[in-house]
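Structural overview for review
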Amino acid sequence: MLSCREQFSYLTDSDLIYLDNAATSQLPISVLNAQQQYWQYAHANAHRGAHQRARSATEAWERCRQTAATFIGANAADVSLQTSTTQALNHLALMLAEQQPDLRKIVVSAAEHHANWLPWQYLAQRCGAEFVVLPVAVESGEIQQWQQLIDSDTDLVAITHVSNVSGVINPVEEICRHAHKQGARVIVDAAQSAAHLALDVDQLQCDALVFSAHKVYAPVGVAVMYLAADWWPQLTPQIRGGGMVAQVTPFSASWLPDIHRFEAGTPNVAAAVGLTNALQWFAEQAPHQAQVEQSFNWLQQQLAQRPWLQRVAANTSRRIPLLSLYCESIHSQDLAFMLDEAGIAVRAGQHCAQPLLQQLGLSSVVRLSWGLNNRDDDMQRVVDALDQAYQLFIE
Ligand SMILES: Cc1ncc(COP(=O)(O)O)c(C=O)c1O
């Protein structure tokens, strides 16, 4: 059996150190192979035909739903497959605009990705609801005042499990418990937590949870959207088309009684095959997560010895292996360019999280995000490249 690292051997062949896993993770060889097999031998339209290939495409789609449900501790009947976290959250916002036009108060945190901010900002404007932003502590990256600001006027809380800029883990379980006591529903954006934390919707007690496949070693084009069983039957799908109707007449339409009602249009079965395989592969890699942590911790220690380089949310250990850096004397794009020249892929900019950067008083940061493709002996090269940038721009 190949070691975890060898599963990405095509990366190391090129000497690339890929530290942009939070944007999109690379695909292990087994996921690539599963997709190739699908394209060659099983590619067809799911839920549409009775021939053998169509049946196997349908089975592949449903297998993905089941695997994703197991991954988050949900019942498959409550899991729909969407195309991305962004699309799923927008779909949800549109459904709520129809179902609850009298929403009073929506709460998000300052740490949200735009994908978990803009749909709720829109929803608040459309419903005339109050849009309340939980502040984030600059030093620790922890969200604050949620016990006070999520109150009995709150109908909806949309919160990221993990910030895509600081890597800080939010106390979503406690937030769900508190929000439910206030009568509010909670939507969890698990885009960054799915590849790093065990997800269990029963334990979290959230009302919705979404994540994209492409951040958990699977291809782009499919995402998981869990909706609580006491919620989704009240929601009217806002993306309409083939595969989700019970009956259509010239003047009316009715929707399937099950979760398929949220999956209009031809499903991306190839991506679903990739996700099924990736989640199975990922479960087998659990012992290797410790190595990822080790390599992350080693780099953190090295960075702590370089005061010219600042870390976002430096005062917390409650984070996934993800670090955002900034330096007064070097623009983050220049730093990312230097790293790229050394064969190290990172991301610089605002990371679709402008409200957070505004709160932190930063214009851009360089993000290093770990995955199972990273290992200890890569990290010295990262440190060397950062030191070279220091010599070039500062010394
Ligand atoms: C926390 C978070 N939420 C949502 C998204 C949006 O994911 P996607 O672009 O796959 O829709 C991202 C992507 O980076 C993210 O990090």
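As named in an unreviewed UniProt entry, the protein chain is Probable cysteine desulfurase, taken from Idiomarina xiamenensis 10-D-4. Regarding the protein chain, the relevant UniProt record gives this comment under Cofactor (unreviewed entry): "pyridoxal 5'-phosphate". Quoted verbatim from the Catalytic activity (unreviewed entry) heading of the UniProt record, the comment on the protein chain is "(sulfur carrier)-H + L-cysteine = (sulfur carrier)-SH + L-alanine".

1. Examining the sheet that holds strand β11 (residues 310-311)
Across the sheet, which stays open at both edges, the four strands sit in the order β11-β12-β15-β14 with antiparallel pairing between neighbours. Edge positions in the sheet fall to β11 and β14 (347-349), since each has one partner strand and no second. By the bridge criterion, four bridges tie strand β12 (residues 322-326) to strand β15 (residues 365-369) in an arrangement that is antiparallel. Bridge pairing links Leu-323 to Leu-368 in β15.

2. Here's the deal with unusual backbone geometry
Glycine aside, residues mostly have negative phi angles, and peptide bonds mostly take the trans form. One non-glycine residue, Gln-205, lies in positive phi territory at about 60°. Mapped onto the fold, Gln-205 is located in the loop between α8 (201-204) and β7 (208-212). For Gln-205, a relative accessible area of 44% translates into the label partly exposed. In this model, His-351 sits at a positive phi of 55°, which is unusual for a non-glycine residue. Relative to the elements of secondary structure, His-351 occurs in the loop between β14 and α12 (354-360).

3. Some points on the domain arrangement of the protein chain
Domain boundaries assigned for the protein chain yield domain 1 (5-28 + 285-393) and domain 2 (31-283). Each of domain 1 and domain 2 has a C-alpha centre, and these two points are 28 Å apart. Taken together, the contacts link 39 residues of domain 1 with 39 residues of domain 2. Summed over both partners, the interface of domain 1 with domain 2 buries about 3,300 Å², with 58% contributed by carbon and sulfur atoms. Elements represented by at least two residues in the side of domain 1 that touches domain 2 include exactly β12, α12 and β15. Looking at the side of domain 1 that touches domain 2, its residues break down into 22 nonpolar, 14 polar and three charged.

4. Here we look at the packing of helix α11 (residues 332-341) against helix α13 (residues 379-393)
Look at α11 against α13: their axes get within 9 Å of each other, and the N-to-C directions meet at 130°. Between α11 and α13, the crossing angle belongs to the class labelled oblique. Here α11 runs over α13; the crossing is right-handed. Here Asp-334, Leu-335, Met-338 and Leu-339 of α11 lie close against α13, whose contacting residues are Val-382, Ala-385, Leu-386, Gln-388, Ala-389, Leu-392 and Phe-393. When its residues are assigned to classes, the contact of α11 with α13 shows nine nonpolar, one polar and one charged.

5. A closer look at the sheet that holds strand β5 (residues 156-160)
Here seven strands make up an open sheet; going across it, the order is β2-β8-β7-β6-β5-β3-β4 and the pairing mixed. Either end of the sheet is taken by a strand with one partner, and the two such strands are β2 (79-82) and β4 (130-134). Geometrically, the sheet is characterised by an average inter-axis angle of 15° between neighbouring strands, direction not taken into account. Here three bridges tie strand β3 (residues 105-109) to β5, and the two strands are oriented parallel to one another. When the bridges of β5 are listed, Val-108 appears paired with Ala-158. Along the sheet, helix α7 (residues 172-181) makes contact with β5 and β6 (185-189), crossing β5 at roughly 175°.

Rules behind the numbers
Residues numbered from 1 in each chain as written. Predicted model: local features only at pLDDT ≥ 70, side-chain atom pairs only at ≥ 80, totals over all residues. Heavy atoms only, no water. UniProt positions renumbered as here; feature names shortened; annotations may be inferred. Pairing = 2+ DSSP bridges. Helix = DSSP H or I, 4+ residues; strand = E, 2+ residues; numbered from the N terminus. Buried < 20%, exposed > 50% of the residue type's maximum accessible area, 1.4 Å probe, protein only. Domains from an automatic or database assignment. Contact = heavy atoms within 4.5 Å. Buried area = accessible area lost by both parts, 1.4 Å probe. Nonpolar A, V, L, I, M, F, W, Y, C, P; charged D, E, K, R; others polar. Axes fitted to C-alpha atoms, helices over the stretch in contact; angles between N-to-C directions. Parallel < 35°, antiparallel > 145°, perpendicular 65-115°, else oblique. Left-handed = near helix turned anticlockwise from the far one by under 90°.

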